Amino acid sequence: MAVSMKSGAGIGGNFVLTPHKVSVCILLQIYVPPDQVSVPFPFTSVSQHNRLGLFLLALTKSCDDIMEPQLDELINQLKETGGELYHWLNEKLTHKLSSLSSPDDLFNLFGDLQGVLGGPESSGVVDDQIILDPSSHLGIFLRRCLLAFSLLSFEGVCHLLTNIETYAKEALSSCSNYGLPDEDNDLEEMLEYEDTNLESFLGKVAEDIDAKIRVAETFPFHIHAPKSLLGLVEEELHSESKIKHTGAGGHSSDFAHEPTDALRGSDNSGGLFLRMNWQVQGYLREQADLIEKHGSSFSLNAFESILQQVQKLAPELHRVHYLRYLNNLYHEDYPAALENLHCYFDYSAGAEGIDITASSPLGSFGRYGIALLCLGMMHSHFGHPKQALEVLTEAVRVSQQHNDDTCLSYTLAAICNLMSEIGISSARGIIGSSYSPLTSFGTSLPIQQQLLVLLRRSLNRAEDLKLTRLVASNRLAMAKFDLTHIQRPLLSFGPKSSTKLKTCPASVLKELRLSSYLLGEFGSDGSSLEIDGVFSTAWLKNLHRPMASSVLLEENEPESGYDAFRFGTQPSSIPGSVLQLAGSSYLLRATAWELYGSAPLARLNALVHATCFADASSSSDVALAYVKLIQHQAVFKGYKEAFSALEMAEGKLFSVAKSRIQLLKLQLLHERALHRGNLKVAQRVCDEFGSLASSVTGVDMELKTEASLRHARTLLAANQFSQAAAIAHSLFCTCYKFNLQVENATCLLMLAEIHKKSGNAVLGLPYALASLSFCQSFNLDLLEASATLTLADLWLSLGSNHAKRALTLIHRALPMILGNGGLELRARANIAVAKCNLSDPSFSGSLKVLLERIWREQWCSVTRCWGEKRGCLSENSVSEDSEMVLDSLKQAAEELQILEYNEMAAEAFYLMAMVYDKLGQLEEREEAASSFKKHVIAFEKPQDDNNLLF
């Protein structure tokens, strides 16, 4: 528990005794009463006594604000932790503060506090006697308070006494009742304060300020120039009366997250006293974490006003410039972010504010490499990939020249992240420059091989420097690379071993497992950067959060059990950055299982992230977890359930995360519009997708790819085959250029679907086979099953003599489809099985002519369509195995109705009616025919979804 004396230094290097510290000293005296053994009065158990000790420890180490808490805030916190003893502790504290009416009372108080500390003779005390270890954190705090009081002049003691009186009075005037046992006396005192005239009260405070100014001119009580501090208070006092008259108690905000109100109004004395240096630094670091977590939902103007006041009160805190940079960065203000980044490094040379500076050497040029690293990451954030690569390459050169291995490791990791997130077709002239980390390999390597080299070098450097968190992050990057890239040998000469041109799922899972294992060793990280007091801050804040403990407790369990539960469920001491990395590993697991075709495992990992890591993760990661869960709902339970879950997610997430949620909403709207046959709405959604993507080459490649695919699907639904094929072919070329191999498989499958619907089955076969080859190389099992179904449909379109081959292909894919496929994929498989059975000459007559008519005529007239098609089956087309066909069609129709897929559902009901007609089951035939007509009409006249677009 012991801390160094430096940790308690004020911003100006002085430990200032304030009314809040005096209150803590009084609570310490209650916690460790002199000359008492065992559990002191009025505590009834050791656990009850320890609660107060935990509270005092957290109170003296927390960094939840810049200003010290007021008395009413302290009492509220005491109420949360005091339990049954709250009234007694509250009365004891307020009574002791109100009894300090003269300097002698202060001298007596601090004289009594001398007996709280254990001296050199404390080794001979009774075993169960309670003493305060002078070397513990609480002991050091009390010793510094005693030293600060002993250094005060008589004027300083009087000044402290005046502040204590104001400190206690304002707390009582701000609350009508604290719940003290003597309610009658309290009521009389409260009435006296209520009768006090506001103007006379403000006049009295103004007189106190004048007295403070006169005393402060001769006694340096405050941490900084007293005139600036008291001037701030006077301004706030003048604005107080205006607020009272206008009734402006608050204002609405467009932002979901407000920063901690570090600078309170001057209607309390707490606003006069800044916390100690390390506490202010901890507060600023906490705000930086919140900005990075909440992004643009963090209030820009409110936090900017706080930073302005902090810079005014403590101009030497250069971290303020860095927080301004972060605030403007996440609010997409490029000029302001660039200006504040330059200001930060101009004033501080990178000496404070950035986590990695602790282990980075400070040379004659400051930390120029870290400045370049920040600048490169800023360019990457704003979508400037070329500028980002140039700056990061310069950072590599500077880090190498100054032997800054830590900065070099982080820079290599940043380059890897840039090259993996942003599409880069060629890095020649940038990565292959004279100062490039790949100079020894030249520029002959393809871009994915260069990325692999960078990843391995970054990982090796991080392991050598024992940067555990960076190692874990690099392991995640390696897993992501192995997921979508085939590792080829780097050397093109020498003996060549047999190479398997496939991705390795075992390597992906191995990297993910090693990443999670390394996160358990964060305590041994040489660059551990946790500020002392972060856990205490979270502990105190958690006291005010509502707890769901009633679910876990029995109805007849006493309240003491509830208090014990609250203290047992305080937040973990694991750093937030570690938890965020752990959560990212689960998101990557979910993505991997999605590609590998295991829907249950993908949903499970997304659910783990949303349940266990939502508080520590960024809003973007939380939104991604919700997106995966909602997509699972849409695929397996239909759009009604998905839109219901989407509405709940929109209410929970901040505005920064709503971009992902809104993108998901567009995806669901487009899918439902295509299924319903509403092509106008589908085209409007495609236009929305196109407007969301950046115009910069290589940026937002995932969004651009999806927009092009959806545009091609919309044109295909409108039977504009040539335009759809042109878009799909152009997209394939783009994906090949930027090494988007997984997207290549989807593009080839789209081309096969286009040729299938256009009646050119022979031209579609090569595309389907190529898509299958890509799926097998990258272990895309579920997409491979979908491609197999398309290939079976193509073979079936060539004639009934290929029905057995098509059925064999479908049976090969059925285990994956039935085990992990969604509603649409399962329905497609069931209809394909029915088609194959009905097209098999041994089962029925050929349906080739019938199926061509179904899709070419587009059901222009329901009656005419039905009349032309009912005689297409021959008399011997019904087999004794017809029940198997009907079961497949019924299941497909049920699943397609959930998805509102009218076109394919109509096909299923039509085939059912044909089978029932040949079986002579007229009632069932009419029912299927009625359903067929209903879905044809719904497809021709779809519902309008325009009201859901915005």
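Residues numbered from 1 in each chain as written. Predicted model: local features only at pLDDT ≥ 70, side-chain atom pairs only at ≥ 80, totals over all residues. Heavy atoms only, no water.

### Re the nonpolar core
Thought 1: The biggest cluster of nonpolar side chains holds 54 residues, and the ones touching the most others in it are Ile630, Leu646, Ile661, Leu668, Leu896 and Met912.
Thought 2: Counting residues per element, this core draws most heavily on helix α39 (residues 902–919), which supplies 12 residues.
Thought 3: Within the second largest apolar cluster, 51 residues are counted, among which are Ile30, Leu100, Leu117 and Leu138. (Core = buried A, V, L, I, M, F, W, Y, C linked by side-chain atoms within 4.5 Å. Buried < 20%, exposed > 50% of the residue type's maximum accessible area, 1.4 Å probe, protein only. Helix = DSSP H or I, 4+ residues; strand = E, 2+ residues; numbered from the N terminus.)

### Side note on the packing of helix α17 (residues 405–421) against helix α18 (residues 447–464)
Thought 1: Interhelical geometry of α17 versus α18 gives an angle of 150° and a closest axis separation of 9 Å. Taken together, α17 and α18 sit at an angle that is classed as roughly antiparallel. Note that α17 runs across α18; the crossing there is left-handed. Only Ile447, Gln450, Leu451, Leu454, Leu455, Arg457, Ser458, Arg461 and Ala462 of α18 make contact with α17, whose side of the interface consists of Asp405, Leu408, Ser409, Leu412, Ala413, Ile415, Cys416, Met419 and Ser420.
Thought 2: Of the residues that constitute the contact of α17 with α18, the class distribution is 11 nonpolar, 4 polar and 3 charged. (Axes fitted to C-alpha atoms, helices over the stretch in contact; angles between N-to-C directions. Parallel < 35°, antiparallel > 145°, perpendicular 65-115°, else oblique. Left-handed = near helix turned anticlockwise from the far one by under 90°. Contact = heavy atoms within 4.5 Å. Nonpolar A, V, L, I, M, F, W, Y, C, P; charged D, E, K, R; others polar.)

### Details of the packing of helix α19 (residues 468–484) against helix α23 (residues 576–596)
Thought 1: The interhelical angle for the contact between α19 and α23, taken along N-to-C directions, is 10°, at an axis separation of 11 Å. The angle between α19 and α23 falls in the class roughly parallel. Residues Arg469, Ala472, Ser473, Leu476, Ala479, Lys480, Leu483 and Thr484 of α19 form the contact with α23, whose own contacting residues are Ser577, Val578, Leu581, Ser584, Ser585, Leu588, Thr591, Ala592, Leu595 and Tyr596.
Thought 2: Looking at the contact of α19 with α23, its residues break down into 10 nonpolar, 6 polar and 2 charged.

### Quick notes on the environment of Glu671
Thought 1: For Glu671, the position within the fold is in helix α27 (residues 658–676).
Thought 2: Along the primary structure Glu671 and Leu899 are separated by 228 residues, whereas in three dimensions their C-alpha atoms are 9.4 Å apart.
Thought 3: Among residues more than four places away in sequence, those in contact with Glu671 are Tyr639, Arg710 and Arg713.
Thought 4: Here the side chain of Glu671 touches Arg713 through a polar contact of 2.7 Å, side chain to side chain. (Polar contact = N/O pair within 3.5 Å; in protein donor to acceptor, adjacent residues only side chain to side chain.)

### A few points about the pattern of salt bridges
Thought 1: According to the stated counting rule, one finds 17 salt bridges in the structure shown.
Thought 2: The partner of Glu463 in a salt bridge is Arg475, with the nearest N and O atoms 2.9 Å apart. Taken together, the positions of Glu463 in helix α18 and Arg475 in helix α19 put the pair 12 residues apart, joining distant regions of the chain.
Thought 3: Residue Glu463 is classed as partly exposed on the basis of its relative accessible area of 33%.
Thought 4: In this structure, the salt-bridge partner of Glu753 is Lys756, at a minimum N-O distance of 3.2 Å. Of this pair, Glu753 and Lys756 are both found in helix α31 (residues 741–757), 3 residues apart, which corresponds to roughly one turn of the helix. (Salt bridge = Lys/Arg side-chain N within 4 Å of Asp/Glu carboxyl O.)

### Things to note about helix α14 (residues 334–348)
Thought 1: Along its 15 residues, α14 runs 21 Å from first to last C-alpha, staying within 8% of the 21 Å computed at 1.5 Å per residue.
Thought 2: Buried within α14 are the following residues: Ala336, Ala337, Asn340, Leu341, Tyr344, Phe345 and Ser348. Along the long axis of α14, the arc covered by the buried residues comes to 155°, so they all point the same way. α14 presents Pro335, Glu339, Asp346 and Tyr347 as exposed residues on the side facing more than 90 degrees away from its buried surface.
Thought 3: Check the buried side of α14 and you find it contacts α13 (319–330) and α15 (368–381). (Expected span 1.5 Å × (residues − 1). Arc of directions from axis to C-beta.)

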